[in-house]
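Listed here are the chains, written in short residue letters.
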4 protein chains.
Amino acid sequence: MPYVVERVVKWGECDPAGIIYTPRAFDYATEAVEGWYRDVGGLDWQGMGQRNFGAPTVHAECDFLRPLRPNEKVRVVLGIERIGEASLTFRIDCLGGDGEPSLKVTMVSCFTDFAGGEARPMPIPPDIRARARIYRDAGLGYK
Amino acid sequence: MPYVVERVVKWGECDPAGIIYTPRAFDYATEAVEGWYRDVGGLDWQGMGQRNFGAPTVHAECDFLRPLRPNEKVRVVLGIERIGEASLTFRIDCLGGDGEPSLKVTMVSCFTDFAGGEARPMPIPPDIRARARIYRDAGLGYK
Amino acid sequence: MPYVVERVVKWGECDPAGIIYTPRAFDYATEAVEGWYRDVGGLDWQGMGQRNFGAPTVHAECDFLRPLRPNEKVRVVLGIERIGEASLTFRIDCLGGDGEPSLKVTMVSCFTDFAGGEARPMPIPPDIRARARIYRDAGLGYK
Amino acid sequence: MPYVVERVVKWGECDPAGIIYTPRAFDYATEAVEGWYRDVGGLDWQGMGQRNFGAPTVHAECDFLRPLRPNEKVRVVLGIERIGEASLTFRIDCLGGDGEPSLKVTMVSCFTDFAGGEARPMPIPPDIRARARIYRDAGLGYK
């Protein structure tokens, strides 16, 4: 089963045009990635911080296909597109109330070592890599 | 001179009713308090954290007198209402484009010692207390 | 049954101190009030706007009893404290992962007629008043 | 002169890692685009709405080059990369306290006609197009 977050578009996420405010697309996507690390990847961002590393986003992009409106039910579906040496590329699709894709987001996390006060890319920890591989190989995500 | 933050109401701070979304009043007020500590109080929140203490808000309230709208120029004026043993009570007034008060906010910071892993109230550090006294005694803030 | 929203504290709702950022308390509370109108009160904010009225918040306050942290499960429990001529007073309690209250919020909605281009208080619509009464009389909310 | 917004990174825009929370990059960029339309383009988003059209973002992307931290001074510099039939492509660079680029954002606005209840792309209004051309031809933006 793909990792899915179900949410309802909040009044305060929308702007005076009555549709979701552009940057909120990335709030939706970032929260899905956060949840994937916690619920599927085996280590949440807090746990990474305690071990002196992290997985900050180095690239994010979104195509806005159809505006979302207050009270609309949204399914945020997460897939993994690519597993690099130090990076994971997530594809996050937000499906609106009619089941059609509304937001198509790509986010790239780069694993980063903060030990020694400097930030350096580091290989994906083996546990997280193994889980990401299983997830990707199962072909999960929105088709 | 009172501590004043000038801002312009952003499109994304407003909701589908075309007016500022309720919780944003507290964003405005919190950012003014943050700025006061940095620019007037002599120590910013980051500096406090490095010394293992902080000044989290323990109480906040707001009267919404008049809605703010996109592009409206706002003057956020900060006053100090009370200096306690461990707490500072700020009064933050947001004046809209017509100069009339729109939001009337009260926020109470409680100085808190995080050393030893537990959070305990602590006396206001003497430097910050001295600066707060000068500021309050000058009668600064919105009248 | 009281109206309860279950949520998980997001990384992005927390600040560099590792705890929920003050204004987010009012995001939690406002979203619970929004949900109550939609799911219990019988008319959501969008529907009100289409009929040319609204229920903006005229007063909000919060006591911060205990900080919330990333990934903490929160139960947001809504009660109605008072039904006025034109206003509803909500009491929203956010219970942290240990079941203890963390945030104690009061929010007052004032029903407001926007017809004719001016905003004027108006009596609570009979349907919403009836539902609010049933809810309040059942003694729902956090004790 | 290029259109520049000067801002200071807020405590509440940063996450428990002590750096700017990913989606806030798009808040910074969107607010710069909003300001450009108002201050340079000759018509703000509210004015567009009153004339039954808008310029919603259809694509947004960001490279995160260096994290921003609380209190860091940021210069948000806006350039126009491309003027299409119905769209404007903005390039927004956020320069950190050291003057080096921290966030490199691209945002595409698509002019959209909302008359008749349906959203359809429309040519850029001549006035806005003329101003965009002058701005682009002057080669403004970050180099």
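Our subject is the structure listed above.
What counts and what doesn't
Residues numbered from 1 in each chain as written. Chains lettered and ligands numbered in written order. Predicted model: local features only at pLDDT ≥ 70, side-chain atom pairs only at ≥ 80, totals over all residues. Heavy atoms only, no water. Phe/Tyr/Trp six-rings, centres within 6.5 Å; stacked < 30°, edge-to-face > 60°. Helix = DSSP H or I, 4+ residues; strand = E, 2+ residues; numbered from the N terminus. Lys NZ or Arg CZ within 6 Å of the ring centre and 35° of its normal. Contact = heavy atoms within 4.5 Å. Buried area = accessible area lost by both parts, 1.4 Å probe. Salt bridge = Lys/Arg side-chain N within 4 Å of Asp/Glu carboxyl O. Nonpolar A, V, L, I, M, F, W, Y, C, P; charged D, E, K, R; others polar. Least-squares fit on C-alpha atoms with pLDDT ≥ 70 in both. Polar contact = N/O pair within 3.5 Å; in protein donor to acceptor, adjacent residues only side chain to side chain. Pairing = 2+ DSSP bridges. Expected span 1.5 Å × (residues − 1). Buried < 20%, exposed > 50% of the residue type's maximum accessible area, 1.4 Å probe, protein only. Arc of directions from axis to C-beta. Axes fitted to C-alpha atoms, helices over the stretch in contact; angles between N-to-C directions.

Caption draft 1: Region of the structure containing the packing of aromatic side chains. This model, assessed by the stated rule, comprises 30 aromatic pairs over all chains. Judged by centre distance (5.9 Å) and plane angle (75°), the ring pair of A:Trp45 and C:Trp11 falls under edge-to-face. With A:Trp45 in helix α2 (residues 45-50) and C:Trp11 in the loop between β1 (3-8) and α1 (24-41), this pair bridges two chains. Their ring planes at 80° and their centres at 5.8 Å tell us that D:Trp36 and D:Tyr135 sit as a pair that is edge-to-face. Here the residue D:Trp36 occupies a position in helix α1 (residues 24-41), and D:Tyr135 occupies one in helix α3 (residues 126-137), the gap between them amounting to 99 residues. These aromatic residues form a ring-pair network of at least three members: A:Trp11, C:Trp36, C:Tyr37, C:Trp45, C:Phe90, C:Phe111 and C:Tyr135. The aromatic ring of B:Tyr28 is capped on one face by B:Arg7, whose charged end is 3.8 Å from the ring centroid.

Caption draft 2: Summary view of the interface of chain A and chain B. At the interface, 9 residues of chain A touch 9 residues of chain B. Where chain A abuts chain B, roughly 790 Å² becomes buried across the two surfaces, and 70% of that area is made up of carbon and sulfur atoms. When residues of chain A are sorted by the area they lose upon contact with chain B, A:Trp11, A:Gly12 and A:Pro16 head the list and together hold 64% of the total. At the junction of chain A with chain B, the criterion picks out 0 salt bridges. Split by residue class, the side of chain A that touches chain B holds 6 nonpolar, 2 polar and 1 charged.

Caption draft 3: Main features of the relation of the copies chain A and chain B. Overlay of chain A on chain B (RMSD 0.0 Å): rotation 180°, translation along the axis 0.0 Å. In short, the pair behaves as if placed about a two-fold rotation axis. Counting the interface residues of chain A, we find that 100% of their copies in chain B are interface residues as well, pointing to one common contact surface.

Caption draft 4: Representation of the interface of chain A and chain D within the structure. Listed as interface residues are 17 residues of chain A and, on the opposing side, 17 residues of chain D. Summing both sides of the interface, chain A and chain D together bury roughly 1500 Å²; the carbon and sulfur share of this comes to 53%. Counting the contacts that link chain A with chain D gives 2 salt bridges. Two residues, D:Arg24 and A:Asp27, come together in a salt bridge whose shortest N-O distance is 2.9 Å. Where chain A packs against chain D, one counts 10 residue pairs in polar contact (both at pLDDT 80 or more). Looking at the side of chain A that touches chain D, the element that brings in the most residues is strand β3 (residues 57-64) of chain A, giving 8 residues. A per-class count over the side of chain A that touches chain D returns 8 nonpolar, 4 polar and 5 charged.

Caption draft 5: Main features of the sheet that holds strand β2 (residues 53-54) of chain A. All names here are of chain A. Across the sheet, which stays open at both edges, the 3 strands sit in the order β2-β7-β8 with antiparallel pairing between neighbours. Each of the sheet's edge strands pairs with one partner strand only, and the pair in question is β2 and β8 (120-121). Sheet topology note: the strand β7 (residues 112-113)/β8 ladder contains 2 bridges and is antiparallel. Its bridge partner lying in β8, Asp113 is registered against Arg120.

Caption draft 6: Fine view of helix α3 (residues 126-137) of chain B. All names here are of chain B. With 12 residues, α3 should cover 16 Å at 1.5 Å per step; its first-to-last C-alpha distance of 16 Å lies within 8% of that length. By the burial criterion, the buried members of α3 are Ile128, Arg129, Ala132 and Tyr135. Taken end-on, α3 shows its buried residues confined to a sector of 130°, consistent with a single buried face. Seen from the open side of α3, the exposed residues pointing more than 90 degrees away from its buried face are Pro126, Asp127, Ile134 and Asp137. As for α3, its buried residues are in contact with β1 (3-8), α1 (24-41), α2 (45-50), β4 (73-83) and β5 (87-95). Once α3 ends, the next one or two residues include Gly139, with phi positive near 70°.

Caption draft 7: Main features of the sheet that holds strand β4 (residues 73-83) of chain D. The 10 strands are arranged β1(A)-β4(A)-β5(A)-β6(A)-β3(A)-β3(D)-β6(D)-β5(D)-β4(D)-β1(D) in an open sheet whose pairing can be described as antiparallel. Because the sheet does not close on itself, it has two edges, and the strands there are β1 (3-8) of chain A together with β1 (3-8) of chain D. Put simply, the sheet's adjacent strands are angled 20° from each other on average, direction ignored. Of the strands in this sheet, β1, β3, β4 (73-83), β5 (87-95) and β6 (101-110) of chain A together with β3 (57-64) of chain D are in contact with helix α1 (residues 24-41) of chain A, which crosses β1(A) at around 135°.

Caption draft 8: Fine view of the side chain of C:Arg7. With respect to the helices and strands, C:Arg7 occurs in strand β1. Note on C:Arg7: relative accessible area 15%, which makes it buried. Polar contacts involving the side chain of C:Arg7 include one to the side chain of C:Glu31, which spans 2.6 Å. Among residues more than four places away in sequence, those in contact with C:Arg7 are A:Lys10, C:Glu13, C:Tyr28, C:Glu31, C:Glu72, C:Lys73, C:Val74 and C:Val76.

Caption draft 9: The arrangement of the pairing of strand β5 (residues 87-95) of chain C in detail. All names here are of chain C. With 8 of 9 residues buried, β5 lies mostly within the body of the structure. As defined by bridge partners, strand β4 (residues 73-83) adjoins β5 across 8 bridges and the pair is classed as antiparallel. The partner of Gly79 across the bridge, within β5, is Arg91. Linking β4 back to β5 in an antiparallel pair, the connection comprises 3 residues. Pairing of β5 with strand β6 (residues 101-110), which is carried by 9 bridges, proceeds in the antiparallel orientation. Each residue of the ladder has a partner; that of Leu88, found in β6, is Ser109. Connecting β5 to the antiparallel partner β6 that follows it, the hairpin turn spans 5 residues, and Gly99 within it adopts a positive phi of roughly 80°.

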